[in-house]
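Single-letter residue listing:
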Amino acid sequence: FQLEQPFKPVEQLMAVLPEDSSHAIPKASCWLMRDSESPIIDFYPKDVLCDPNGKAMPWLWVVLLPFIDEDRLFAAMAPSIKKWTQEELLCNARGLDDGYVYCHVTHPLASAVSAALDTKEKDK
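Everything numeric in this text was worked out from a predicted model, so none of it was measured. (Residues numbered from 1 in each chain as written. Predicted model: local features only at pLDDT ≥ 70, side-chain atom pairs only at ≥ 80, totals over all residues. Heavy atoms only, no water.)

1. Structural notes on the packing of helix H2 (residues 27-34) against helix H3 (residues 70-81)
So, point 1. Two numbers describe how H2 lies on H3: the axes approach to 8 Å, and their chain directions differ by 145°. The two elements H2 and H3 cross, and the hand of that crossing is right-handed. For the pair formed by H2 and H3, the contact residues are Ala28, Ser29, Trp31 and Leu32 on the first element and Ala76, Met77 and Ser80 on the second.
So, point 2. For the contact of H2 with H3, a count of residues per class yields 5 nonpolar, 2 polar and no charged. (Axes fitted to C-alpha atoms, helices over the stretch in contact; angles between N-to-C directions. Helix = DSSP H or I, 4+ residues; strand = E, 2+ residues; numbered from the N terminus. Left-handed = near helix turned anticlockwise from the far one by under 90°. Contact = heavy atoms within 4.5 Å. Nonpolar A, V, L, I, M, F, W, Y, C, P; charged D, E, K, R; others polar.)

What follows is the structure, given as structure tokens:
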């Protein structure tokens, strides 16, 4: 085992989310999770096996997911990253001094979060 750098946010999402959640990653990279021609389509199986592991209730079963080859993931993502917007690139940043709060405008807390952040900016 060799200790490496942690994944960036979008890389982490690509490594753990199923195909049905591809809307959570930049549009230019969504095809990697859905298209049969994707070089990493095997990371997103349509059907997954479950191991009951001696448990009676299905929600206690272990889902058997494929291992993600990080080199393949990074290589597949590289061309599509060039098409990301500036905002998408910023969302994938790691190690910045500033903190970020992501809240969709349709979320019930969006107006409260926005107001709190605006007040903080005015106080600077």
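2. Here's the deal with the layout of surface pockets
So, point 1. Empty space within the second largest pocket amounts to approximately 270 Å³.
So, point 2. Leu17, Pro18, Phe43, Pro45 and Leu65 are, among the 15 residues lining the second largest pocket, the residues nearest its centre.
So, point 3. Among the residues forming the lining of the second largest pocket, the class breakdown is 11 nonpolar, no polar and 4 charged. (1 Å grid on protein atoms, 1.4 Å probe; cavity = no way out; pocket = protein on both sides within 12 Å on 5 of 7 lines; lining within 4 Å. Points joined across faces, edges and corners; volume = space filled by probe spheres on them.)

3. Some words on unusual backbone geometry
So, point 1. One non-glycine residue, asparagine 53, lies in positive phi territory at about 50°.
So, point 2. Along the chain, asparagine 53 falls in the loop between strand S1 (49-51) and strand S2 (62-64).
So, point 3. On the basis of relative accessibility, which here comes to 49%, the residue asparagine 53 falls in the partly exposed class. (Buried < 20%, exposed > 50% of the residue type's maximum accessible area, 1.4 Å probe, protein only.)

4. Brief notes about the side chain of glutamate 11
So, point 1. Locating glutamate 11 in the fold gives a position in helix H1 (residues 9-16).
So, point 2. Despite its burial, glutamate 11 pairs with no opposite charge; the closest candidate is lysine 8, at 5.3 Å N-O.
So, point 3. Ignoring any residue separated from it by four or fewer positions in sequence, one finds glutamate 11 in contact with Leu73, Phe74, Met77 and Asn92. (Lys, Arg positive; Asp, Glu negative; His and termini not counted. Salt bridge = Lys/Arg side-chain N within 4 Å of Asp/Glu carboxyl O.)

5. Some details on H1
So, point 1. Within H1, the full set of buried residues consists of Val10, Glu11 and Met14. End-on, the buried residues of H1 take up no more than an arc of 105°, which puts them together on one face.
So, point 2. Those residues of H1 that are buried lie in contact with H2 and H3. (Arc of directions from axis to C-beta.)

6. Things to note about the nonpolar core
So, point 1. Counting residues in hydrophobic clusters, the biggest one holds 13 residues, and the most contacted among them are Met14, Ile40, Tyr44, Leu73 and Met77.
So, point 2. At the level of secondary structure, the elements contributing two or more residues to this core comprise H1, H2 and H3.
So, point 3. Leaving out residues up to four positions away in the same chain, methionine 14 has contacts with Ile25, Ser29, Leu32, Met33, Ile40, Tyr44, Leu73 and Met77. (Core = buried A, V, L, I, M, F, W, Y, C linked by side-chain atoms within 4.5 Å.)

7. As for the confidence of the model for the protein chain
So, point 1. Summing up the model confidence of the protein chain, the mean pLDDT is 88 and the portion of residues at 70 or higher is 90%.
So, point 2. Predicted confidence in the protein chain is weakest over helix H5 (residues 110-123), with a mean pLDDT of 76, and strongest over H3, with 96. (pLDDT = per-residue confidence, 0-100.)

8. Things to note about the packing of aromatic side chains
So, point 1. With the rule as written, the count across this model stands at 2 aromatic pairs.
So, point 2. When the ring of phenylalanine 7 is compared with that of phenylalanine 74, the centres are 5.2 Å apart and the planes differ by 65°; the resulting orientation is edge-to-face. Residue phenylalanine 7 is found in the segment before H1, and its partner phenylalanine 74 is found in helix H3; the two are separated by 67 residues along the sequence.
So, point 3. You can call phenylalanine 74 partly exposed: its relative accessible area is 27%. (Phe/Tyr/Trp six-rings, centres within 6.5 Å; stacked < 30°, edge-to-face > 60°.)

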